[in-house]
Amino acid sequence: MGGDEREHRRLAMTLAAVLLLGAFQLGEGELKGNYSKLSGIIIPGFASTQLRAWSILDCPYSPLDFNPLDLVWLDTTKLLSAVNCWLKCMLLDPYNQTDHPECKSRPDSGLSAITELDPGYITGPLSSVWKEWVKWCIEFGIEANGIIAAPYDWRLSPSMLEERDLYFYKLKQTFETALKLRGGPSIVFAHSLGNNVFRYFLEWLKLEIAPKQYIQWLDDHIYAFFSVGAPLLGSTETVKGMLSGNTFGLPVSEGTARLMFNSFGSSLWMMPFSKYCRADAMYLKHFSGGIRKGPNTYQCEQKEFQSNYSGFSTNIINIEIPSTRGIDAYPSVSEFSQTNYSSMECGLPTQLSFSAREISDGTFFKAIEDYDSDSKRTLHQLKKSYHDDPVLNPLTPWDRPPIKNVFCIYGVDSRTEVGYYFAPSGKPYPDNWIITDVIYEIEGSLVSRSGNQVEGNPGPASGDETVPYHSLSWCKNWLGPRVNITRAPQSEHDGSDVQVELNVEHHDEDVVPNMTRSPRVKYITYYEDSESIPGKRTAVWELDKANHRNIVRSPALMRELWLQIWHDIHADSPSKFVSKAKRGPLRDDDCYWDYGKARCAWPEYCEYRCSSVTP
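Everything quoted here is computed from the prediction, not taken from an experiment.

Enquirer: I would appreciate a short explanation of the side chain of Q97 in the present structure.
Expert: Tracing the chain through its elements places Q97 in the loop between α3 (83-90) and β4 (105-107). Looking at Q97, the relative accessible area reads 3%, which means it is buried. Within the structure, the side chain of Q97 is placed 2.6 Å from the backbone nitrogen of G265, a separation counted as a polar contact. Apart from the residues within four sequence positions on either side, Q97 is in contact with L92, R155, L156, S157, M160, S263, F264, G265 and Q381.

Enquirer: Can you help me understand the state of the cysteines in this one?
Expert: Two cysteines joined by a covalent bond between their sulfur atoms form a disulfide. Under the defined criterion, the tally for this structure stands at 5 disulfides. The side chain of C59 participates in a disulfide bridge whose partner is C85; the two sulfur atoms lie 2.3 Å from each other. Around the S-S axis, the bridge from C59 to C85 shows a dihedral of about -135° and counts as left-handed. Placement of C59 in the loop between β2 (51-53) and β3 (71-73) and of C85 in helix α3 is noted, with a sequence separation of 26 residues between them. Taken as a pair, C59 and C85 share a single burial class, namely buried.

Enquirer: Looking at this structure, how should I read the pattern of salt bridges?
Expert: Side chains carrying opposite charge are able to pair once their charged atoms draw close together. In the structure shown here, the tally under the stated rule is 29 salt bridges. With a closest N to O distance of 2.9 Å, K78 and D70 form a salt bridge. Of the charged contacts in the structure, one is a salt bridge between K476 and E542, with a shortest N-O distance of 3.1 Å. Taken together, the residues span a long stretch of sequence, with K476 in the loop between α16 (469-472) and β18 (482-489) and E542 in strand β21 (residues 537-544) at a distance of 66 residues. E542 carries the same exposure label as K476, and that label is buried.

Enquirer: Help me out: how do you make sense of unusual backbone geometry in this one?
Expert: The amide bond that connects W73 to the next residue, L74, takes the cis arrangement and shows omega of 15°. Structurally, L74 is set in the loop between β3 and α2 (76-81). Of note, the amide linkage connecting Y429 to P430 takes the cis form, showing an omega dihedral of 10°. Looking at where P430 falls in the secondary structure, it is placed in the loop between β15 (416-424) and β16 (433-442). Here the phi dihedral of A47 falls at roughly 60°; this positive angle occurs in a residue that is not glycine. Taking relative accessible area as the criterion, A47 reaches 8% and is therefore assigned buried. Although it is not a glycine, S192 adopts a positive phi angle of roughly 55°. Along the polypeptide, S192 turns up in the loop between β6 (186-191) and α8 (193-206).

What counts, and at which threshold
- Residues numbered from 1 in each chain as written.
- Predicted model: local features only at pLDDT ≥ 70, side-chain atom pairs only at ≥ 80, totals over all residues.
- Heavy atoms only, no water.
- Helix = DSSP H or I, 4+ residues; strand = E, 2+ residues; numbered from the N terminus.
- Buried < 20%, exposed > 50% of the residue type's maximum accessible area, 1.4 Å probe, protein only.
- Polar contact = N/O pair within 3.5 Å; in protein donor to acceptor, adjacent residues only side chain to side chain.
- Contact = heavy atoms within 4.5 Å.
- Disulfide = S-S within 2.5 Å.
- Salt bridge = Lys/Arg side-chain N within 4 Å of Asp/Glu carboxyl O.

Written out as structure tokens, the structure is:
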């Protein structure tokens, strides 16, 4: 295809999109405004930024050495041929987060750092992350300087990101440069752990600029925040990674994966925590530079002790601890009530259960300190980098970010791990624990790995395979007392299957629509509120069966995102949110052949052309 033909195709696609907006009844008149002034800043998630070697490492038993700028995460060839060398470039000191003495790695920069982690080798979801997202941007005519990646070293704790790399200082400059370069505010796209990074940035920013200028800075520099797959109350899978290892599909043993994961300061950043417990900041720093030490209190509401499981659907950890001397063998858990030991006999193991609060406040790690050599390191990192963080204790529930437009987007109704049973394996660290059973949430119920029903408090839906529904849906608390709910098919549709409920009352409990589901249809359920906070909009999008990692490649998500942005710059749009009445194809890839009708589907938008091929 020649350059002129590509340009004609792009213009035709843009024109079709504009005509399509008219079909969606977005209002009369021309498309006004200029989205070319907007910038998109992408903050990737855990393990979603390339890391490159920043030193020379000779690997004596492999022909593949590490030289400066060599790919470390993720170079599967070197991982397979020189795993010990590769680990040296990945591991951090578990106490002070410094590099291995023989090798150091640093995050790559630019869009190439986040689009594909291991180009040309792995074709699965582990490697390709933001590539499809960037492809959409290019296809709709976004300029190269309009999409900005904000990669970071995802191994580090939040305070170390700033201390070692000045990450948050650079991120502030990125927003300010984007405003000067393009003349408009930015749209933030954050995925998974990237949402936690952005939350910390917003709190860090409060301490860097004058308090009276904080909200104005946000209004000037950030138009909207698209929070995708955010572990707002943590992820239970983190516990599995910390105790038994999670390989994420890599060709390494679980013990090696645990050793690596536990060396990262960021591993604790994703731990589950209670929605009922909050902490005051340890330091209150005035923008002029003065620092005043304040109380560092961690307090829980009475609901934490009146309800079960810290609001989660079940206890997250159930662990067998061996005993040879009865209760005296547990000096580190003396604060537990006698009921925890009521069934324990001398010389026999006992099973202890731990909620999200007991994990995040260190109670669990104190309980196994005598039986796990890694617990002391964990407790040190937990206190230093989280409980005593001078900016924010990240293991506390989110408030709505003070940004004009907030969109919280996540997948639902996939089988998601929410609880584990651990037992001693009889092997040394890092293989000293084994998982004996797993509890899953599946579409509103709890089942064990063997398929048996489990008692607990399951939510109305399940999570996205990685983060439980309880954590993902915390952002529904950001919605006001009255919410408009719409459920529509994810695929292209003519509007006949769209269901709407207006002014649904919403208080402290989860807001659940009274709507039907066809078993063969994947839906998007929209919760939208533009009235509760003057001048601000909040929306929650739940996508059926959207996987945690793959959701950023979802065509339905990308389509809705672009339509919402186009709607927002339409000066005559009558509503705060884009209509869901109809969804036709936006791109060539959305067109397909309807075999049932023996014609091209959506003939008003698509046409089938047969061209002969000549040698």
